[in-house]
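Close look at the chain arrangement
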Amino acid sequence: MSLVVYNTLSRKKEEFKPIHEGLVGIYVCGPTVYSDAHVGHAKSYVSFDIIVRYLRFLGYKVLYIQNITDVGHLLDDGEDRMLKQSRIEKTHPMQIAETITRSYFEDMDALGVGRPDISPRASGHIIEQIEIIKELLKKGNAYEVNGSVYFDVRTFKDYGKLSGRTLDELIEGTRVEVRSEKRNPEDFALWKKAEPEHIMRWQSPWGEGFPGWHVECSAMSMKYLGEHFDIHGGGLDNQFPHHECEIAQSEAATGKPFAKYWIHNNLVTVNGQKMSKSLGNFVTLKDLFKKYDPLVVRFFILQSQYRSTLDFSEQAIESSRTGLAKLRNTVRRLRQEIDFRKRASSFGKSDKSGDVKKFREAFVEAMNDDFNAPKAIAVLFDLVTNVNSWLDDPSAPLTEASLEAFDKFFWESASGVLGILRKEDAASSSADGTTITSVMDLVIKIRNEARKQKLWSMSDMVRDGLKAIGIALEDKKEETVWKKID
RNA sequence: GGCGCGGUACCCAAGUGGUAAGGGAGAGGUCUGCAAAACCUUUAUGCGCCGGUUCGAUCCCGGCCCGCGCCUCCA
């Protein structure tokens, strides 16, 4: 079975076949950098992180482009947040863009989201945007009015093919007041003339101004991936008008089909309602990370499919925390078991390594079905239960090969593809030779001596004391293990 | 109003024309000095409601109710 991807363009799942064998070019709409990222952004970028990771897992050479929007959403309605913010803080808007961009990457790094191969800034691609606009003017798909340039939607017959809207519906349904400047209300801006108070402005053939809402993505995606490329992704809320307009201007300019597959992630809701900056019901990642390990947030997100909405609540994320701890515990325990038995040279005879293949196939099958991470996670939890019960069974200890095979599989799936484990989770509590390890070995030795003499109050004092400083002790049958409390 | 999506147990959430994954929470048990961890058993005759197609529907079709998204910057 091969990878199947839901393509918004066709509204169905399609077999994934890249344009050039073995290579995948993917462009994802990045953040508009005017305020800190929230859980909704995390869902989007974690989703595409999984897609990129999985494509690489399958052996594709992936080129991942994700832009930074630092200009272009600057409207002349006086309500623009970035300009407003820059006025309040008395700083240049580019300083805000820079600060928020850093903050964004900080958050994404914490979530284990791999950096895109290229993070192009819109403001750094003004020339490319102007080139597209010139081309559209030349071809008669755009017109200039008073220093601004608009795309003439009626010249592009395929307008609406992504969002499933027709021009007639748009005209009837439009809630935008007719701008006298535009020929038709459905037309959109490619270039806007800068009013005197507008700080971010560039020279253009049409005078000083700034690029419109949608050109940046056309310019940057085509610059780095070519005029026709494999995947364009983004949030569902960008489907219309942003992506629809991108298609129109790109295809009109080049005469070629734009992206082959359109992938849209669904939204995070709070009490069933969209979490968004404008509704004000958002939780910033920085705040959330004060209370929860970022990987818990990542795990929480991956427990629902990227095309489903995900309802955010403390209870839901709390249960993810416990759930992830269970997975981590098992992976850690497995590693400890391997190290313990290595030192004791006492591996068993029970061979379960063949089962790895079964679990691996189930995992791949889940991911092949439009990156079904929740299903893949369910496979991992089945394995967790199996591994734990095998480890619990003293009558049939596993062979070294079995243990190593499971360990390896956990790492390539849960860490490599899903990114919900980090290296420290593997750290054996007894084999890395650091000072704390040596100290803990000694503490455990002393405490076990106390336990041998049934000095319970003393041994409990040690355990409680360690707990207070964030270290948990677990008394197993053969040994006592310690771990940092998550 | 137009277009689109969704309603699965206490919560989150997969899924299939043949009788409901997984996680959390709850209950009982095993293990254990205690704790923790883990394991076992258990918790939806039921998948918004009503019809239809079918040997059989939660999954297909039609109608209805409810919620949400987009149509305006938003991941």
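If you're wondering where the values come from, they're calculated on a predicted model, not measured in any experiment.

Here we look at the overall build of chain A
Across its full length, chain A carries 15 helices and 15 strands. Once the C-alpha set of chain A is aligned to its principal axes, its extents read approximately 90 × 50 × 35 Å. A buried classification covers 52% of the 486 residues belonging to chain A. Long-range pairs, those at least 24 residues apart, make up 75% of the contacts in chain A between residues at least 6 apart in sequence.

Regarding helix H6 (residues 215–225)
Across the 11 residues that make up H6, a large majority, nine, are buried. Regarding H6, the residues found buried are Val 215, Glu 216, Cys 217, Ser 218, Ala 219, Met 220, Ser 221, Met 222 and Leu 225. One or two positions beyond H6, positive phi appears at Gly 226, with a value near 95°.

What about the sheet that holds strand S4 (residues 61–66)?
The parallel open sheet is built from four strands, whose spatial order is S4-S3-S9-S10. The open sheet terminates on both sides in strands that have one partner only, identified here as S4 and strand S10 (259–265). Shown here is a sheet whose adjacent strand axes are inclined to one another by a mean of 20°, direction ignored. With three bridges connecting them, strand S3 (residues 23–28) and strand S9 (residues 229–235) associate as parallel partners. Its bridge partner lying in S9, Val 28 is registered against Gly 233.

Here's the deal with the domain arrangement of chain A
Domain annotation for chain A reports domain 1 (4–312), domain 2 (314–425) and domain 3 (435–484). Using only C-alpha atoms to locate each centre, domain 1 and domain 2 end up separated by 38 Å. Contacts between domain 1 and domain 2 engage 28 residues on the former and 30 residues on the latter. Buried area between domain 1 and domain 2, summed over both chains or domains, comes out near 2700 Å², and the portion from carbon and sulfur atoms is 64%. In this structure, the connection of domain 1 to domain 2 is made through five salt bridges. As a salt-bridge pair, Asp 370 and Arg 307 come within 2.7 Å of each other at their nearest N and O atoms. When contributions to the side of domain 1 that touches domain 2 are tallied by element, the ones reaching two or more residues are strand S1 (4–7), helix H1 (39–57), helix H8 (285–291), helix H9 (294–302) and strand S13 (310–312). No other element matches H9, which puts seven residues into the side of domain 1 that touches domain 2. A per-class count over the side of domain 1 that touches domain 2 returns 18 nonpolar, three polar and seven charged.

As for the pattern of salt bridges
All told, the structure shown has 40 salt bridges when counted by the stated rule. For Arg 183, the salt bridge identified is with Asp 152, shortest N-O distance 3.6 Å. Remark: Asp 152 occurs in the loop between strand S6 (148–151) and helix H5 (167–173) and Arg 183 occurs in the loop between H5 and strand S7 (188–193); sequence separation between them is 31 residues. With a closest N to O distance of 2.6 Å, Glu 186 and Arg 154 form a salt bridge. Placement of the pair is Glu 186 in the loop between H5 and S7 and Arg 154 in the loop between S6 and H5, with a sequence separation of 32 residues. On the basis of relative accessibility, which here comes to 11%, the residue Glu 186 falls in the buried class. In this structure, a network of salt bridges that share partners links the residues Arg 335, Asp 339, Lys 342, Glu 404 and Asp 407.

Brief notes about the packing of helix H12 (residues 373–392) against helix H13 (residues 400–417)
A pair of packed helices is captured by two measures, namely the crossing angle of their axes and the spacing between those axes. Here H12 crosses H13 at 155°, and the two axes come no closer than 12 Å. Comparing their axes, H13 and H12 come out roughly antiparallel. Once H12 is placed against H13, the crossing between them reads as left-handed. On H13, the residues touching Leu 380, Leu 383, Val 384, Val 387, Trp 390 and Leu 391 of H12 are Leu 403, Phe 406, Phe 409, Phe 410, Ser 413 and Ala 414. Across the contact of H12 with H13, the residue classes tally to 11 nonpolar, one polar and no charged.

Examining a nonpolar patch on the surface
Residues Leu 455, Met 458 and Met 461 make up a contiguous nonpolar surface patch of about 290 Å² in total accessible area. Note on placement: Leu 455 falls in the loop between helix H14 (435–452) and helix H15 (456–468).

Thoughts on empty space enclosed by the protein
Across all of its chains, the model carries three cavities of 30 Å³ or more by this definition. Here the largest cavity is characterised by a volume of approximately 80 Å³. What lines the largest cavity is simply Lys 43, Ser 47, Ile 50, Ile 51, Ile 301, Leu 302, Ser 304, Gln 305, Tyr 306, Phe 371 and Ala 373. Those elements that provide at least two residues to the lining of the largest cavity are H1 and H9. In terms of residue class, the lining of the largest cavity is built from seven nonpolar, three polar and one charged.

A short note on the sheet that holds strand S5 (residues 142–145)
What the four strands build is an open sheet, ordered S5-S6-S7-S8; its pairing is antiparallel. Taken across any chain shown, the strands that pair with only one partner, and hence form the sheet edges, are S5 and strand S8 (209–211). Across the sheet, the mean angle from the axis of one strand to that of its neighbour is 20°, orientation sign disregarded. In this structure, S5 lies alongside S6, joined through four bridges in antiparallel fashion.

Some thoughts on the side chain of Ser 221
Structurally, the position occupied by Ser 221 is in helix H6. Within the structure, the side chain of Ser 221 is placed 2.6 Å from the backbone oxygen of Cys 217, a separation counted as a polar contact. Every residue in contact with Ser 221, bar those within four places of it in the chain, is listed here: Tyr 27, Gly 226, Phe 229 and Phe 258.

Considering the environment of Pro 205
Its location among the elements puts Pro 205 in the loop between S7 and S8. Note: C-alpha distance between Pro 205 and Gly 147 (58 residues apart in sequence) is 8.8 Å. The residues contacting Pro 205, other than those within four sequence positions of it, are Ile 130 and Lys 134.

Conventions and cut-offs
Residues numbered from 1 in each chain as written. Chains lettered and ligands numbered in written order. Predicted model: local features only at pLDDT ≥ 70, side-chain atom pairs only at ≥ 80, totals over all residues. Heavy atoms only, no water. Helix = DSSP H or I, 4+ residues; strand = E, 2+ residues; numbered from the N terminus. Buried < 20%, exposed > 50% of the residue type's maximum accessible area, 1.4 Å probe, protein only. Contact = heavy atoms within 4.5 Å. Pairing = 2+ DSSP bridges. Axes fitted to C-alpha atoms, helices over the stretch in contact; angles between N-to-C directions. Domains from an automatic or database assignment. Buried area = accessible area lost by both parts, 1.4 Å probe. Salt bridge = Lys/Arg side-chain N within 4 Å of Asp/Glu carboxyl O. Nonpolar A, V, L, I, M, F, W, Y, C, P; charged D, E, K, R; others polar. Parallel < 35°, antiparallel > 145°, perpendicular 65-115°, else oblique. Left-handed = near helix turned anticlockwise from the far one by under 90°. Patch = residues over 30% accessible without salt bridge, like charges linked within 9 Å, V, L, I, M, F, W, Y side chains within 5 Å. Areas by Shrake-Rupley, 256 points an atom, 1.4 Å probe, with all protein chains shown as cover. 1 Å grid on protein atoms, 1.4 Å probe; cavity = no way out; pocket = protein on both sides within 12 Å on 5 of 7 lines; lining within 4 Å. Points joined across faces, edges and corners; volume = space filled by probe spheres on them. Polar contact = N/O pair within 3.5 Å; in protein donor to acceptor, adjacent residues only side chain to side chain.

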